[in-house]
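For reference, the chains in residue letters:
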Amino acid sequence: MKLFAILSSTVLASVALASPLTLERRARNAARLQARVAQRHSNLPFKAGTNEILHLNETTHEEYSSNWSAILQTGVDFCIDSSGTTFDAWYEWFPDYSHDFSGISISAGDKVKVTVDASSKTAGTAIVENLTTGKTVSHTFTGQDDNALCETNAEWIMEDFSSFLSLVPFANFGTVTFTDISATSGDSSVGASNATIIDIQQNNKTLTSSSASDTEVTIKYIG
């Protein structure tokens with residue numbers, strides 16, 4: 001499966017309370033992993049059409065667990081504080097931590113193309129291209145046998161992150177737009193026109209308004 005989009009953003013906030021991006025992203029992902037593990041549960045298999053437990057080796061003590069999938073993703077963090085705005089491009093094969101790319105710089109107003117290409121369920125490549133500056137970086141994953149992809153869905157995400165297991169105040173980022181989007185598997189490609197949209201809410205207040213089409217996803221800050 002191959003997923004890509006061109007990202008353009010206008011960052012309008014002047015102040016946001018945030019720590020350095022790499023550490024915060026790792027804290028966020030550690031919290032996500034902890035929550036995900038806590039939600040895992042054993043699922044006993046039943047004989048077809050019955051509620052009778054199926055014992056594969058004719059004993060009564062096998063253990064079964066749900067098989068939750070990994071995530072291959074890449075993107076750009078932007079952080080706004082009193083000293084200005086900073087950007088970091090990153091890649092990740094969740095549940096491992098995300099890692100920052102080196103050798104690429106991003107500024108407000110740049111157009112950035114992000115691509116993830118799963119060559120198999122256990123290998124793939126994350127690519128970030130700054131179309132404004134002409135710079136490209138990539139990272140290839142192999143041998144992810146313990147964390148195989150499901151290859152059944154694609155997501156375009158704008159998200160807050162956590163610090164010490166709680167969400168940081170969310171910056172007014174203006175508008176983020178993903179253009180020329182597509183998810184491809186074999187000879188088939190889809191856009192986001194039939195996607196499920198989940199807007200960001202904090203303290204019972206909706207902070208974003210999102211829309212999607214076959215070629216574009218737009219997220220606006222309305223908080």
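Nothing here was measured: the structure is a model prediction, and the numbers come from that model. Starting from 1, residues in each chain are numbered consecutively following that chain's sequence as written. In view of the model being predicted, local features appear only for residues whose pLDDT reaches at least 70, and side-chain atom pairs are presented and counted only at 80 or more, with totals across whole chains, interfaces and linings using the full set of residues. Side-chain measures were taken over the full set of non-hydrogen atoms in the model, leaving aside hydrogen atoms and water.

(A) The sheet that holds strand β2 (residues 71-81), seen in detail. On the basis of which strands lie adjacent, the open sheet formed by three strands has the order β2-β3-β4 and antiparallel pairing. With one partner strand each, in any of the chains shown, β2 and β4 (99-100) form the two edges of the open sheet. A pair of strands is considered paired only if DSSP assigns at least 2 bridges between the two. Only DSSP runs of H or I with at least four residues qualify as helices, and only runs of E with at least two residues qualify as strands; both kinds are numbered from the N terminus onward. Relative to β4, strand β3 (residues 84-94) runs antiparallel, the two sharing two bridges. By the bridge assignment, Tyr91 is partnered in β4 with His99.

(B) Just the packing of aromatic side chains, in detail. Side-chain rings of Phe, Tyr and Trp (the six-membered ring for Trp) are treated as a pair once their centres are within 6.5 Å; stacked means planes under 30 degrees apart, edge-to-face means over 60, and tilted covers the remaining angles. Summed over the entire model, instances satisfying the criterion amount to four aromatic pairs. Summarising the aromatic geometry, the rings of Tyr91 and Phe101 are spaced 4.7 Å apart at their centres and angled 50° between planes, so their arrangement reads as tilted. Of the two residues, Tyr91 sits in strand β3 while Phe101 sits in the loop between β4 and β5 (111-120), which places them 10 residues apart along the sequence. The exposure classification of Tyr91 matches that of Phe101, with both residues buried. Members of the aromatic cluster, connected to one another through ring pairs, are Tyr91, Trp93, Phe101 and Phe141. Exposed residues in this analysis have more than 50% of their type's maximum accessible area, buried residues have under 20%, and partly exposed residues fall in between, with area computed by a 1.4 Å probe over protein chains only.

(C) Spatial organisation of the side chain of Thr74. Mapped onto the secondary structure, Thr74 falls in strand β2. Overall, Thr74 belongs to the buried group, its relative accessible area being 14%.

(D) Quick look at the UniProt feature "active site" (unreviewed entry) in the protein chain. UniProt's entry tags Glu159 with the feature "active site" (unreviewed entry), counted in the numbering of this structure. Tracing the backbone through its elements, the reader meets Glu159 in the loop between β7 (135-141) and β8 (162-163). The exposure class assigned to Glu159 is partly exposed, which follows from its relative accessible area of 34%. UniProt positions are given in the numbering used here, feature names are shortened, and annotations may be inferred rather than shown by experiment.

(E) A look at the environment of Ala126. Turning to its location among the elements, Ala126 is positioned in strand β6 (residues 123-130). Sequence separation between Ala126 and Val114 is 12 residues, and the spatial gap between their C-alpha atoms is 7.7 Å. A contact between two residues is defined here by any heavy atoms of the two lying within 4.5 Å. Ignoring anything within four residues of it in the chain, the contact list for Ala126 reads Gln73, Thr74, Tyr91, Phe101, Thr115, Val116, Val137, Ser138 and His139.

(F) Structural context of the side chain of Thr125. Mapped onto the elements, Thr125 comes out in strand β6. Those residues in contact with Thr125, other than ones at most four positions away along the chain, are Leu72, Thr115, Val116, Asp117, Ser138, His139 and Thr140.

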